[in-house]
Structures are given as structure tokens and as C-alpha cells.
Amino acid sequence: MDIFEELGIRRYINAQDTFTKYGASCMGEESLRAMAEIAGSMVDLAEVQEKTGDAIAGLTQNEGAYISNGAAGGLMICAAACMALDSEEAYHALPESGTRREIILQRAQHNPYDKCIEAAGAKLVFLGEESMPPSEAELANAITEKTAAIAYFIYHGRDGSLPLERVLEIGHAHGVPVIVDAAAQNPPAENLWRFTQMGADMVIFSGGKTLRGPQDSGLILGRREWIARCRRWGPPTDGVCRCCKTSREAMAGLYAAVKVYMARDTDEERHRLLAACIRFEQTLHTCGFTRVRREEEGPVGQDFPRVLGEMPFGSAAWLCAEMKAEGVYIGSDERENTIILNPLMLTPGEVEEVCDTLLRCTAGYLASNRNEW
Ligand SMILES: *Cc1c(COP(=O)(O)O)cnc(C)c1O
């Protein structure tokens, strides 16, 4: 009996997104093996953190890397590092913070994850409007001796924000570090070094999304001195960041995942994603959809294709619920009454299962409507 049978847990196919609540992604055998290997022995956790981090930094063209328990934990650790700098006293006082406790964020980028910055004891200072960036002068003037950092989310509010290049220039001209949240910004793999090479001090990625590491893993990539502070104040050190404990299994599993991610054949991956999109498009046409289109971006602007189909009958929400009942998660845009099919996490076999399920669900709808009629 496996764990699914023993506990009565259901399996799903994920044709929607790398959502945490669906499990986000599945690890490869390399990660599973690394985790099993390290789980059976005692280690010096700081040594595992340092060596996996150095290896990941090498693989991703970064000066340094720190492995956290997720991108959200990474935000908290980065915020704590910016407020504490090198002071034991300042770190251990958190979340009671001293005078340097403000972290600037553009209002358009406000999102549910920014609470993780406040959880460290920081006070967010919002600049600009919901759909309009502050002026560069406003940003420069907002930086005072109370400013610990500027936070920047790559996707949230991207149309209402100052560009990262300008924020980096202004922040650095005033001696303030910039923390970048790029949690879901893969593919392309180049994003793992793009923002740090632009000058960002610390750049955060989720380990459990497209990188296919353990779901409870994340990466902070960045400049050597900042990674040293993450190592110093991050878990297992006591203090606010202790609640971000990262296991040796997560560190080893993420290292193995990054190695696989960097070595993967991107042409082959592109081909697999396009083949899946073509299958989705054919299937939607067979199901009676007439408005089917390809989007060249992932849900948060990543570089991969998805397929959108406007419902020819019924509502997108209804079809999503129907597909879920059959064990398949798909996405929808309810304003446009459109379903969204995302091939990123699917094997070719799963693509066929998604297509079969779509045919079944829509055939049922057509049949029952004919009956009513
Ligand atoms: C998913 C996500 C996070 C949280 O990532 P975890 O690894 O699940 O902690 C943080 N920020 C952004 C922008 C995200 O998309």
C-alpha cells in the first residue's frame, strides 16, 4: 500500500501553474536521491549550507548563494539582514527594530508576500500609486537614515513601477541595498544571474516552483557580503529567522535540482512545450472551441507558451471545476470566460491525459444539454 492509498490522498495533474497549494512541482530522481543520502547522516548544518550554497553560486554565476525554506522565508531573512547588518544586538532585538527599519516598496508592487518583510520587524514605506510609479526624485527623497533597503518584485505591478535599473542606481547612489523577489521567474535559467549582474544585492527564487527542488526550499543569490549576513543571521541562528529553518534534505535536494536545471536541454524543453501546446489546440478545436490562441508568456511573465481557449458554451469556472473533479487542475480567466492550459509541469503522457479529460468533460456537457433540449 502506498501513501496515497494508506491515507486516502488524491493525486492531480497540474495543467494550471506551479501553485504552492497544488504542490507546485515534482522533484526529479536526482533531488530525491540527494535528500535520501543526506537524511541518513548527522552533519554540521552550517557546513551543508555553505557548501551547497557555494556550489549553487558556481552553477548560477553568482558570488554567493544561501538556501532558505522558500522564497517567502527568503524575504524575511533578507529583510532581517538589511536591518541587522553586522550587529548582534540589532539582529537579536528583531522584530523590535531600531531606527534603520524602513524598507521601501513601490505601491504597484504591493502583494501578499510583502508581509514576510514586515514579519522580520521592518516597516514598509510605499511610494507611488497602485498603477503609477513614484518619480525618481520621490524615490531618492524617500531614502533617509531610517531606510534599511528597497524591495523590488519583478512581476507584481510591473506596468506601474520604475524599472529595476533605475531603482538599483538610485538605491546604490544613496548606499541602500536592493532586495529583488524573482520567486517564479524561471524559465529562462539566465534570470538566476540576470538581476544580480544588473547589481541587485540579493535576489530571491522559489526552489519548489520551476526549479523543481523541494517544495520547502528557496534561494537567495547575491553579493558575497550579503550572503555572509544571511548565513550569519539565518537559521539555525536563534532569533526571528529561526522560524525559517531549512533542512539539510532541502539544501541537498535544491542543489541537485539546480544542477539538473542548469544542465537541461532547453531546445528539447522548448520542443516538448510547443508539442504540448499543439495537442491542446487540436483538442480544444475537437471540443468545439473556435477561439483558441497561444500566449508566449507564463502566468508571471516567464518565457514559455500556454494555450487559451474562449468557452463556446458554459462557463470557464464550470469547466475548471469539472476538470478538477476528474483530477486535472486547469486555469481560467473568468472575465474573458477563457480556460488556460499550461504545459510547463506536464510529461507527454500527462498532456494526453489532460486532452482526454477535456474531451470527456465537454462531451458530457454537450450530451446533457442536448437531452434538456
Ligand atoms: C511563490 C512566490 C513566493 C513564495 O515562494 P515560496 O517558495 O512558496 O515561499 C514569493 N514571492 C513571489 C513573487 C512568489 O511568486
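For the structure, check the block above.
Residues numbered from 1 in each chain as written. Predicted model: local features only at pLDDT ≥ 70, side-chain atom pairs only at ≥ 80, totals over all residues. Heavy atoms only, no water.

Caption draft 1: Structural detail: the overall build of the chain. What the chain contains, in helices and strands, is 14 helices and twelve strands. Dimensions of the chain along its principal axes, counting C-alpha atoms only, are 75 × 55 × 35 Å. Here the chain, with 373 residues, has 49% of them falling under the buried criterion. Counting only contacts in the chain whose residues sit at least 6 apart along the sequence, the fraction spanning at least 24 positions is 69%. A total accessible area of about 17,500 Å² is found for the chain, and carbon and sulfur atoms account for 50% of it. Across the chain, the mean location of the 37 positive side-chain charges is 1 Å away from that of the 54 negative side-chain charges. (Helix = DSSP H or I, 4+ residues; strand = E, 2+ residues; numbered from the N terminus. Buried < 20%, exposed > 50% of the residue type's maximum accessible area, 1.4 Å probe, protein only. Contact = heavy atoms within 4.5 Å. Areas by Shrake-Rupley, 256 points an atom, 1.4 Å probe, with all protein chains shown as cover. Lys, Arg positive; Asp, Glu negative; His and termini not counted. Charge placed at Lys NZ, Arg CZ, Asp CG, Glu CD.)

Caption draft 2: Representation of helix H13 (residues 316–325). Taken together, the buried positions of H13 are occupied by Ala316, Leu319, Cys320 and Met323. The buried side chains of H13 occupy one side of the element, clustering within an arc of 100° when seen end-on. With its phi angle positive at about 90°, Gly327 sits one or two positions after the end of H13. (Arc of directions from axis to C-beta.)

Caption draft 3: Summary view of the packing of helix H3 (residues 45–59) against helix H11 (residues 248–263). With their axes 10 Å apart at the nearest point, H3 and H11 run at an angle of 10° to one another. Accordingly, the angle class assigned to the pair H3 and H11 is roughly parallel. Across the interface between the two elements, Leu45, Val48, Gln49, Thr52, Ala55, Ile56 and Leu59 from H3 touch Arg248, Met251, Ala252, Leu254, Tyr255, Val258, Lys259 and Met262 from H11. Grouping the constituent residues of the contact of H3 with H11 by class yields eleven nonpolar, two polar and two charged. (Axes fitted to C-alpha atoms, helices over the stretch in contact; angles between N-to-C directions. Parallel < 35°, antiparallel > 145°, perpendicular 65-115°, else oblique. Nonpolar A, V, L, I, M, F, W, Y, C, P; charged D, E, K, R; others polar.)

Caption draft 4: Local environment of the side chain of Asn111. Relative to the assigned elements, Asn111 resides in the loop between strand E3 (102–106) and helix H6 (115–119). Within polar-contact distance, the side chain of Asn111 engages the backbone nitrogen of Tyr113 at 2.7 Å. (Polar contact = N/O pair within 3.5 Å; in protein donor to acceptor, adjacent residues only side chain to side chain.)

Caption draft 5: Local environment of unusual backbone geometry. For the peptide bond that leads from Pro187 to Pro188, omega is 10°, which places it in the cis range. Tracing the chain through its elements places Pro188 in the loop between strand E6 (178–181) and helix H9 (191–198). Non-glycine residue Asn337 carries a positive phi angle of around 45°. Topologically, Asn337 is positioned in the loop between strand E11 (328–333) and strand E12 (338–341).

Caption draft 6: Molecular detail of the site of the ligand. Taken together, the neighbourhood of the ligand is formed by Thr20, Gly70, Ala71, Ala72, Tyr113, His156, Asp181, Ala183, Ser206 and Lys209. Residue Asp181 places a side-chain N or O atom 2.8 Å away from a nitrogen atom belonging to the ligand. A distance of 2.5 Å separates an oxygen atom of the ligand from a polar side-chain atom of Ser206. Taking 390 Å² as the accessible area of the ligand by itself, protein coverage stands at 85%. Here the ligand is seated within the largest pocket. When its residues are assigned to classes, the shell around the ligand shows four nonpolar, four polar and two charged. (Near = heavy atom within 4 Å. 1 Å grid on protein atoms, 1.4 Å probe; cavity = no way out; pocket = protein on both sides within 12 Å on 5 of 7 lines; lining within 4 Å. Sits in = over half its atoms within 2 Å of the grid points.)

Caption draft 7: Geometry of the packing of aromatic side chains. For the structure on display, the rule yields five aromatic pairs. Taking the centre distance of 5.5 Å and the plane angle of 80° together, the rings of Phe19 and Tyr22 count as edge-to-face. Owing to a relative accessible area of 24%, Tyr22 belongs among the partly exposed residues under this scheme. When the ring of Phe289 is compared with that of Phe313, the centres are 6.4 Å apart and the planes differ by 65°; the resulting orientation is edge-to-face. Placement of Phe289 in the loop between helix H12 (266–286) and strand E9 (291–295) and of Phe313 in the loop between strand E10 (306–310) and H13 is noted, with a sequence separation of 24 residues between them. Linked through ring pairs, Tyr12, Phe19, Tyr22 and Tyr329 together constitute an aromatic cluster. When the ring centre of Phe19 is taken as origin, the NZ or CZ atom of Lys21, which lies over that ring, is 5.7 Å away. Against the face of Trp226 rests Arg229, its NZ or CZ located 4.5 Å from the ring centre. (Phe/Tyr/Trp six-rings, centres within 6.5 Å; stacked < 30°, edge-to-face > 60°. Lys NZ or Arg CZ within 6 Å of the ring centre and 35° of its normal.)

Caption draft 8: Representation of the sheet that holds strand E7 (residues 202–206). The seven strands are arranged E2-E8-E7-E6-E5-E3-E4 in an open sheet whose pairing can be described as mixed. Pairing within the sheet leaves two strands with one partner each, and these edge strands are strand E2 (64–68) and strand E4 (123–127). Between one strand axis and the next, the sheet turns by 25° as a mean value, whatever way the strands run. Here E3 runs beside strand E5 (residues 147–153); their pairing, made up of three bridges, is parallel. When the sheet's bridge partners are listed, Ile103 is paired in E5 with Ala149. Together, E3, E5 and E6 form the strand contacts of helix H8 (residues 164–173), whose direction differs from that of E6 by roughly 155°. (Pairing = 2+ DSSP bridges.)

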